[in-house]
Amino acid sequence: MNTINKLDGQLFEKLIIGGAINLKANVKEVNELNVFPIPDGDTGDNMYMTINGGIEYLKKENDLSLSKKAIALANGMMLSARGNSGVILSQLFNGLAKGLEGVDSADVLQMCNAFKQAVKQAYSAVVKPVEGTILTVAREAVEYTEAEKAYTQSINDFFEKYLFVVEGAAVVGDA
């Protein structure tokens, strides 16, 4: 695997599309994870429709800067948001776009700061944030990557550390 020191708009687009493909393949499992506020069984579907709507805007953005791609994705997701989970997901990406504003490409420190902005935005968008939800997972993943940033040399390392927490939360949720 190539070491990536900066995330640019093209790679961001590939990551988002890959993540959406992975979400689509696991929609049923995500649907079953949701139990708050009620086990409505559509969380994965709502998240997928939300991110897929954002991807339509992302692909139409011709400017290859990370900032412009992130803004296009966030705008499309906000317009396509479905259900509580879709709205929260769109707010995470809206905060990420704000954290990447004016950036052509981002290093690990810039990504840490942008992800902190994403969590802050999502928490502020929810009237009564409840721990044990996607908000908690996002916050704890950001806290971990922030604590580990001195030992994080590449974008690859950054996402590996972030996903370590996210995947751990999914395993705990399955228990």
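The structure contained in this document is the topic of the report that follows.

Rules of the game
- Residues numbered from 1 in each chain as written.
- Predicted model: local features only at pLDDT ≥ 70, side-chain atom pairs only at ≥ 80, totals over all residues.
- Heavy atoms only, no water.
- Helix = DSSP H or I, 4+ residues; strand = E, 2+ residues; numbered from the N terminus.
- Rg over C-alpha atoms; globule rule 2.2 N^0.38 Å.
- Axes fitted to C-alpha atoms, helices over the stretch in contact; angles between N-to-C directions.
- Parallel < 35°, antiparallel > 145°, perpendicular 65-115°, else oblique.
- Left-handed = near helix turned anticlockwise from the far one by under 90°.
- Contact = heavy atoms within 4.5 Å.
- Core = buried A, V, L, I, M, F, W, Y, C linked by side-chain atoms within 4.5 Å.
- Buried < 20%, exposed > 50% of the residue type's maximum accessible area, 1.4 Å probe, protein only.
- Nonpolar A, V, L, I, M, F, W, Y, C, P; charged D, E, K, R; others polar.

1. Considerations on the overall build of the protein chain
Stage number 1. Each helix and strand counted, the protein chain has eight helices and two strands in total.
Stage number 2. Taken from N to C terminus, the helices and strands of the protein chain fall in the order β-α-α-α-α-α-β-α-α-α.
Stage number 3. Relative to the 2.2 N^0.38 estimate, which gives 16 Å for 175 residues, the radius of gyration of the protein chain is 15 Å and therefore close to what a compact globule would have.
Stage number 4. For the protein chain, the C-alpha atoms occupy an extent of roughly 40 × 35 × 30 Å along the three principal directions.

2. Things to note about the packing of helix α1 (residues 9-25) against helix α3 (residues 43-60)
Stage number 1. One way to put it is that α1 packs onto α3 with a least axis distance of 10 Å and a crossing angle of 155 degrees. Relative to α3, the element α1 lies roughly antiparallel. The two elements α1 and α3 meet at a crossing, and its hand is left-handed. For the pair α1 and α3, the contacting residues are F12, E13, I16, I17, A20, L23 and K24 in the first and M47, Y48, I51, I55, L58 and K59 in the second.

3. Quick look at the nonpolar core
Stage number 1. Judged by nonpolar contacts, the single largest core of 43 residues is most densely connected at F12 and I51.
Stage number 2. Within the residue set of this core, elements represented by two or more residues are α1, α2 (27-33), α3, α4 (66-80), α5 (83-99), α6 (108-125), α7 (134-148) and α8 (155-174).
Stage number 3. Ranked by residues supplied to this core, first place goes to α6 with nine residues.

4. Comments concerning the environment of P129
Stage number 1. Checked against the element boundaries, P129 lands in the loop between α6 and α7.
Stage number 2. Here P129 falls in the partly exposed class, since its relative accessible area comes to 37%.
Stage number 3. Here the alpha-carbon distance between P129 and M77, two residues 52 residues apart in the chain, equals 20 Å.
Stage number 4. Sequence-distant contacts of P129, defined by excluding residues within four places in its chain, comprise Y123 and L135.

5. Topic: the packing of α6 against α7
The axes of two packed helices give the description: the angle between them and the distance between them.
Stage number 1. The interhelical angle for the contact between α6 and α7, taken along N-to-C directions, is 155 degrees, at an axis separation of 10 Å. Classified by the angle their axes make, α6 and α7 are roughly antiparallel. As α6 packs across α7, the resulting crossing turns out to be left-handed. Packed against α6, whose contacting residues are C112, F115, K116, V119, A122 and Y123, the element α7 presents L135, T136, A138, R139, V142, T145 and E146 at the interface.
Stage number 2. Here the residues of the contact of α6 with α7 are counted per class, giving eight nonpolar, two polar and three charged.

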